[in-house]
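Take a look at the letters that make up each chain.
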Amino acid sequence: MNRFEYVRAGTVAEAVQAFGAGARFIAGGTNLIDLMKYDVEKPGRLIDITRLPLTGIEERDGGLRLGALATNAKVAYDDRVAQRYPMLRNAILAGASAQLRNAASTGGNLLQRTRCYYFYDAGTPCNKREPGSGCPAIGGVNRIHAIFGASEHCIATHPSDMCVALAALEAVVQVSGPDGERSIPFAAFHRLPGDAPERDTTLKPGEIVVSVDLPERGFAQHYTYLKLRDRLSYAFALVSIAAGLELDGDTVKTARLALGGVAHKPWRNVEAEALLVGKPATRDNFQAAADRIVAEAKPQSENGFKVELARRAIVRGLEQAAAGTPQSLSDKRIQ
Amino acid sequence: MLLEQSPPVSADTPIPITLTINGQRRELQVAPWTTLLDLLRERLDLTGTKKGCDHGQCGACTVLVDGTRVNACLALAVMKDGAEITTVEGLAGLGERKGSNALHPIQEAFIEHDAFQCGYCTPGQLCSSVGLMNEGHAKSRDEIREAMSGNLCRCGAYTNIVDAIEDVMHGGAR
């Protein structure tokens, strides 16, 4: 790990003020410290924001405001989250380990970096780590990589489970920075790689996430978070799906679907969601939506299996949501 | 307010912190890049806490920070200023048996249930077990397995580890 200056901020304004070239904010540190050990991140200054008053979870406009420093565990085990946003709870608890969730923050979860092997290996080229150096994952070892929205410069995926649920819930990210405060709709927070894969998000330099706001609509009756991975716990998603439905009898009134493990950001296809609306919640209709989504898939040399896996996960996830039988967190059999 | 001084601490200046480790208050000077794990092992000779992967993947470094289990390898000591740290060396001193030399019930249960072979992961497994019970969310066997997935055991003692935790959780340990 490189040497760095350490600053402990007491307010958001102090944290923003302390920011400069080569600086990084640090909260839970579960990703940043790891990246520093691999020399992927070499900050000249760490700004410790853990003492900022952003740990709360508060009622707001019929929804909840999650403080950026609320730990993943605190959010997942909050009674209001469990009752009103169980999709979010399940997504958080599907990720990482208990130890990591106890340390990791809400804001940090949004800002974690890809687990692409090449990004993590400072001995290889990587356009995300060193812009312009190339992408050995294209044509290389890319079993875990993107099938949607990738570019010729980067095929990395976003690793978060929590963010997949936040995308489906249409959360809003509140940020504060040198130019003041602003709100970013969740769909506009993470980027596709395009020709600038070094930028994961639309945050500007020095901006800090202060909260994540959950709208009132939580899909608490009809939801699931279904995660498919190489082992049953403590592994990143190959494909995951957050599904939320509102039903009127058997008819779909609202449908939300977000996929994890398949793109540079939580992947949504609003046209496919619209296909479901006004129609019966049947397997055939779920199949049609899934077919619409995977029609855009562009697999890499080693991850063609993800296309069919995603198609089936979408159908199964929608069935689980419609039936009100979300995927269990401890019994991993997929019903 | 900013810590101590502004502009910030230069990279070569150790930073004073206070930690309460296994009930003992310690005033320390640490470089900011010192992890909690390295501080415990290299500076304080508390080598019960193990360095397995050093990347938060194996759980061998699990300790309790203010009663909550975390990976000590992914924590900077300077950021834990003011915290109470419990390592495997301090488990026996927790709870009702405080002051005696008796083992913590989970330690006795690990022995009773043969919940280890080589022992390298055991300090992390023990601290993680105590953290799990402090959290109070895992009840069933499946839930315990899920909540312990951050602690790898390459000897494969998992079944007996879950037995030991269930035993203590349900009040069966001596």
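This is a predicted model, so every value here is computed, not measured.

Asks: Mind showing me how you'd approach helix α3 (residues 122-135) of chain B here?
Replies: Quick reminder: α-helices carry 3.6 residues per turn. Residues three or four places apart thus point the same way. Residues and elements named next belong to chain B. The end-to-end C-alpha distance of α3, which contains 14 residues, comes to 20 Å, matching closely the 20 Å that a straight helix rising 1.5 Å per residue would cover. Burial runs high along α3: eleven of the 14 residues are buried. Taken as a whole, α3 has its buried residues at Thr122, Pro123, Gly124, Gln125, Leu126, Cys127, Ser128, Ser129, Val130, Gly131 and Leu132. In the stretch just after α3, glycine 136 is the one whose phi turns positive, near 80 degrees.

Asks: What is the right way to look at the pairing of strand β3 (residues 62-65) of chain B in this model?
Replies: Looking along a regular strand, one sees the side chains alternate between the two faces of the sheet. Residue and element names in this part refer to chain B. Both faces of β3 are covered, namely the face carrying Thr62 and Leu64 and the face carrying Val63 and Val65. In this sheet, strand β4 (residues 68-71) lies alongside β3 in antiparallel orientation, the contact comprising four bridges. Residue valine 63 lies in a different strand from β4, and its bridge partner there is valine 70. Between β3 and the antiparallel strand that follows it, β4, lie two residues; aspartate 66 among them carries a positive phi value of about 50 degrees.

Asks: Would you take a moment to explain the sheet that holds strand β2 (residues 23-26) of chain A for this structure?
Replies: The pairing of strands in a sheet comes from backbone hydrogen bonds and takes either a parallel or an antiparallel form. Residues and elements named next belong to chain A. The parallel open sheet is built from three strands, whose spatial order is β1-β3-β2. Of all the strands in the sheet, the pair left with one neighbour each is β1 (5-8) and β2. In this sheet, neighbouring strand axes are inclined to one another by 25 degrees on average, regardless of whether the strands run parallel or antiparallel. Pairing geometry for β1 and strand β3 (residues 45-48), over four bridges, is parallel. Counterpart to tyrosine 6 in the pairing with β3 is leucine 46.

Asks: Can you help me understand the side chain of serine 128 of chain B in this one?
Replies: Relative to the helices and strands, serine 128 of chain B resides in helix α3. A residue is classified by how much of its surface remains accessible, and serine 128 of chain B, at 0% relative accessible area, is buried.

Asks: I tried to follow the interface of chain A and chain B on my own but got confused; where do I start?
Replies: A common way to state how big an interface is: give the accessible area lost once the parts meet. Facing 39 residues of chain A, the contacting portion of chain B comprises 40 residues. Both faces considered, chain A and chain B share a buried interface measuring about 3300 Å² in area, 57% of it formed by carbon and sulfur atoms. Together, Tyr6, Arg8 and Gln99 of chain A form the three largest contributors to the area buried by chain A at its contact with chain B, with a combined 22%. Across the salt bridge formed by arginine 8 of chain A and aspartate 81 of chain B, the nearest N and O atoms sit 3.3 Å from each other. Where chain A touches chain B, the interface holds 16 residue pairs in polar contact (both at pLDDT 80 or more). Mapped onto the side of chain A that touches chain B, the elements with two or more residues apiece are β1, α2 (32-37), β3 and α6 (98-103) of chain A. Counting residues per element, the side of chain A that touches chain B draws most heavily on α6 of chain A, which supplies five residues. Partitioned by chemical class, the residues of the side of chain A that touches chain B number 18 nonpolar, eleven polar and ten charged.

Asks: Got a minute to help me understand the pattern of salt bridges in this structure?
Replies: Opposite charge on two side chains allows them to pair when their charged atoms are near. Within this structure, the stated rule accounts for 34 salt bridges over all chains. Between lysine 332 of chain A and glutamate 146 of chain B there is a salt bridge, with the nearest N and O atoms lying 2.6 Å from each other. Remark: glutamate 146 of chain B occurs in helix α4 (residues 141-147) and lysine 332 of chain A occurs in the segment after α12 (305-323); the pair is interchain, linking two chains. One exposure class covers both lysine 332 of chain A and glutamate 146 of chain B, and it is buried. Overlapping salt bridges, with partners in common, bring together Arg24, Glu41, Arg113, Lys128 and Asp200 of chain A in one network.

Asks: Could you clarify how one ought to interpret the packing of helix α5 (residues 86-93) of chain A against helix α9 (residues 162-169) of chain A in this entry?
Replies: Any two packed helices are characterised by how steeply their axes cross, that is the angle between the axes, and by the distance between the axes. Residues and elements named next belong to chain A. Look at α5 against α9: their axes get within 7 Å of each other, and the N-to-C directions meet at 160 degrees. Here α5 is positioned roughly antiparallel relative to α9, judged by the angle of their axes. For the pair α5 and α9, the sense of crossing is right-handed. Across the interface between the two elements, Met87, Leu88, Ala91 and Ile92 from α5 touch Met162, Ala165, Leu166, Ala168 and Leu169 from α9. When its residues are assigned to classes, the contact of α5 with α9 shows nine nonpolar, no polar and no charged.

Asks: It is not clear to me how the domain arrangement of chain B should be interpreted in this structure. Could you clarify?
Replies: Residue and element names in this part refer to chain B. Split into domains, chain B comes out as domain 1 (15-90) and domain 2 (92-169). Using C-alpha coordinates to define each centre, domain 1 is positioned 19 Å away from domain 2. With 17 residues of domain 1 in contact, the opposing surface of domain 2 contributes 20 residues. Around 1400 Å² of area is buried between domain 1 and domain 2 when both sides are counted, 53% of it from carbon and sulfur atoms. Three residues stand out in domain 1 for area buried against domain 2, namely Leu64, Arg69 and Val88, and they jointly supply 40% of the buried area on that side. Here domain 1 is connected to domain 2 by one salt bridge. Put simply, glutamate 135 and arginine 69 hold a salt bridge, and the shortest N to O gap is 2.8 Å. The tally of links from domain 1 across to domain 2 stands at ten residue pairs in polar contact (both at pLDDT 80 or more).

Asks: Can you help me understand the environment of glutamine 17 of chain A in this one?
Replies: Position of glutamine 17 of chain A among the secondary structure elements: in helix α1 (residues 12-18). Distance in space between the C-alpha atoms of glutamine 17 of chain A and proline 178 of chain A is 7.5 Å, their sequence separation being 161 residues.

Asks: When you look at empty space enclosed by the protein in this model, what are you seeing that I'm missing?
Replies: Leftover empty space is mapped by rolling, across the atoms, a probe with the size of a water molecule. Residues and elements named next belong to chain A. Enumeration over the complete set of coordinates arrives at four cavities of 30 Å³ or more. In this model, the largest cavity occupies a volume close to 80 Å³. Along its surface, the largest cavity is lined by 15 residues, and Cys116, Cys126, Asn127, Cys135 and Cys154 are the ones closest to its centre. The residue inventory of the lining of the largest cavity, partitioned by class, reads ten nonpolar, four polar and one charged.

The rules behind the values
- Residues numbered from 1 in each chain as written.
- Chains lettered and ligands numbered in written order.
- Predicted model: local features only at pLDDT ≥ 70, side-chain atom pairs only at ≥ 80, totals over all residues.
- Heavy atoms only, no water.
- Helix = DSSP H or I, 4+ residues; strand = E, 2+ residues; numbered from the N terminus.
- Expected span 1.5 Å × (residues − 1).
- Buried < 20%, exposed > 50% of the residue type's maximum accessible area, 1.4 Å probe, protein only.
- Pairing = 2+ DSSP bridges.
- Axes fitted to C-alpha atoms, helices over the stretch in contact; angles between N-to-C directions.
- Contact = heavy atoms within 4.5 Å.
- Buried area = accessible area lost by both parts, 1.4 Å probe.
- Salt bridge = Lys/Arg side-chain N within 4 Å of Asp/Glu carboxyl O.
- Polar contact = N/O pair within 3.5 Å; in protein donor to acceptor, adjacent residues only side chain to side chain.
- Nonpolar A, V, L, I, M, F, W, Y, C, P; charged D, E, K, R; others polar.
- Parallel < 35°, antiparallel > 145°, perpendicular 65-115°, else oblique.
- Left-handed = near helix turned anticlockwise from the far one by under 90°.
- Domains from an automatic or database assignment.
- 1 Å grid on protein atoms, 1.4 Å probe; cavity = no way out; pocket = protein on both sides within 12 Å on 5 of 7 lines; lining within 4 Å.
- Points joined across faces, edges and corners; volume = space filled by probe spheres on them.

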